[in-house]
Amino acid sequence: MADKHPISLTQCTTPNDSSELGGLENTENTWINLAKRASGLYIHIPFCFHKCHYCDFFSIANADHEHKRFTEALVNELQAVGPHLEAIDSIFVGGGTPTLLEYSLLERVLSTIKNVVPMTSLVEWTVEANPETVSESKAKLLAASGVNRVSLGAQSFHPNLLKELERWHDPENVLRSVSLLREAGIGNINLDLIYAIPTQTMKMLEVDVEQLINIQPEHLSCYALTYEPNTPLLTKLRKGEVERATHELEAEMFGYVIDTLRSAGYRQYEISNFAREGFECKHNVMYWENRSWWACGPSASGHIKGLRWRNVPRLRDYFKQNPLPPVLDVEQLSLDRQMGEVCMLGLRLNRGMPRDTVERVIQQSNDHWREDVIQKYLNEGLLAWVNDSLALTKKGRAIADMVIGDLLMQDA
Ligand code: SF4
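Fair warning: this is a prediction, and the values are worked out from it, not measured in the lab.

Examining the overall build of the protein
Alright, step 1. Each helix and strand counted, the protein has 16 helices and 17 strands in total.
Alright, step 2. Along the first, second and third principal axes, the C-alpha set of the protein runs to 55 × 55 × 45 Å.
Alright, step 3. In the protein, buried positions account for 40% of the 412 residues.
Alright, step 4. Contacts spanning at least 24 positions in sequence make up 72% of the contacts within the protein whose residues lie at least 6 apart.

Concerning the domain arrangement of the protein
Alright, step 1. Assigned domains of the protein: these are domain 1 (18-288) and domain 2 (336-412).
Alright, step 2. Between domain 1 and domain 2, the C-alpha centre-to-centre distance is 28 Å.
Alright, step 3. At the interface, 7 residues of domain 1 touch 8 residues of domain 2.
Alright, step 4. Elements represented by at least two residues in the side of domain 1 that touches domain 2 include exactly strand 9 (267-270) and helix 10 (282-288).

Some remarks on the packing of helix 12 (residues 335-346) against helix 16 (residues 400-408)
Alright, step 1. The N-to-C vectors of helix 12 and helix 16 enclose an angle of 165°; their axes lie 8 Å apart at closest approach. Of the possible angle classes, the one that applies to helix 12 and helix 16 is roughly antiparallel. As helix 12 runs across helix 16, the sense of the crossing is right-handed. Taken together, the residues of helix 16 that come into contact with helix 12 (itself represented by Gly-340, Cys-343 and Met-344) are Ile-404, Leu-407 and Leu-408.

Focus: the site of the ligand
Alright, step 1. Near the ligand you find Cys-48, Lys-51, Cys-52, Cys-55, Phe-57, Ser-59, Gly-95, Gly-96, Thr-97 and Asn-130, and these make up its full shell.
Alright, step 2. For the shell around the ligand, the per-class residue count stands at 4 nonpolar, 5 polar and 1 charged.

Cut-offs used in this document
- Residues numbered from 1 in each chain as written.
- Predicted model: local features only at pLDDT ≥ 70, side-chain atom pairs only at ≥ 80, totals over all residues.
- Helix = DSSP H or I, 4+ residues; strand = E, 2+ residues; numbered from the N terminus.
- Buried ≥ 20, exposed ≤ 12 C-beta atoms within 10 Å, placed from the backbone.
- Contact = placed C-beta atoms within 7 Å.
- Domains from an automatic or database assignment.
- Axes fitted to C-alpha atoms, helices over the stretch in contact; angles between N-to-C directions.
- Parallel < 35°, antiparallel > 145°, perpendicular 65-115°, else oblique.
- Left-handed = near helix turned anticlockwise from the far one by under 90°.
- Near = placed C-beta within 6 Å.
- Nonpolar A, V, L, I, M, F, W, Y, C, P; charged D, E, K, R; others polar.

Put into C-alpha cells, the structure is as follows:
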C-alpha cells in the first residue's frame, strides 16, 4: 500500500450543518473514514471530441487547452485520497472520453492511480474509450498500466445512424480499436450499442447486433436511446425535427436483442447488460448492489453507506482544490429511502435480491409498507421468487420502471 498522504479535507465539504452528514462531524477524519469504506473508485475525465446531442453527462468539447491543468488537478485529488481507499475491488475511469487525453497526460493519470491506490484487492480496472481515440501506443499503455477491461462506444455500424446520434467515428474504427486492444493484451472488452434511434428499422438493428457478435466482445451494454431533459435531442424532438421510435418498435427491438444475444452465448444479467460467463462488470454490479464507492473528478458522484455527494462540475470550481475539490448535493438518505434504492438497483439485476436483503428492506421500510407492494406484484406475476431471490419476471422486466418506481418511494 502507498504511503499515507497528509491531507486536509477542509474544502472537501460544503455543508457546515452536520445533519447533512448524517450527524457526523464535518472533519477530515470523518471523510477519511468514509473513504476507507469504499469498495469501488470512479474517476471522471470530462473531455470529449464533440458533444453528442443526446448526452446528459458532464462533458466538455473543444477544451484541449484545459487538459494539462485538469490532469494535474486530478493527480492532486488522487494523491490526496488514493492511499485512504483501503479495499478497492474495482476502478472505473469514465467520462467523457478518457482516451482523448494525449499519451503523456493519460500516462500521468494511469501511473498515479497505480501508485497511490492500494491494488491488493483490485479485480477489475476499466477505462472507457471511443473508437477514434484508441491508438496502438494508448492500447499498450492501458494494458501496461494494469487496466484489464476497456469499454468502447460502438453504438451502431450504420454511418447514417451514427450521424443521427451525432457520433462521428467511422464504424471500421470499432474493429480496428478492438484488434489493437486485443494485441495489447486486453482480455475483457465491452461494446456499447444504442437502439431505437430515429430512422432505425428492425433490419438495421439486426445488422448492428450481428456485427457486434462477430467482434466477440466479452460484454455488451445495449440501451434504447433516451431523450434526457436539457439535451439538444429533446429540443429537436419537441420541435418535430426527429421522430422517436414507437414504444412497440422499441419493445420489439429490446426483445430481439435479448433473444439474439442469448443464442450467441451472452447472458442478460441486468436489464441492459449482457456478458459471457464470468465477465459481468464488477464495478457496475457494485452500483446495483448499492455498495460504497469514492468518486474523483469534476461532477463525479460518490456514495458511502447512504451518504451521497457530488464533486463540483465546473472546471473553474473543480480547480479550487485543497487538495480535494468542493462538493455539492451532500445528502444523507433516510433509512426508508435507502431501502428504496436497494430495490431500485437490486431489481435491475436478473438474479434479483436475496431473501435476506428483501427481509431487511421490509423491516427497515416505514411501517413495513413495501411488503404489500411486493406481495401485490408477486400476485400479478411481475415479481417472482427464483433461487431464493426476488426478481422481476419477463413480464415485469417489460415494465420495470413502473414496478421499481412503486418500490422506490411511498406515495405522498
Ligand atoms: S462521447 Fe459519450 S460522454 Fe462524450 S458527449 Fe458523446 S455520449 Fe457524451
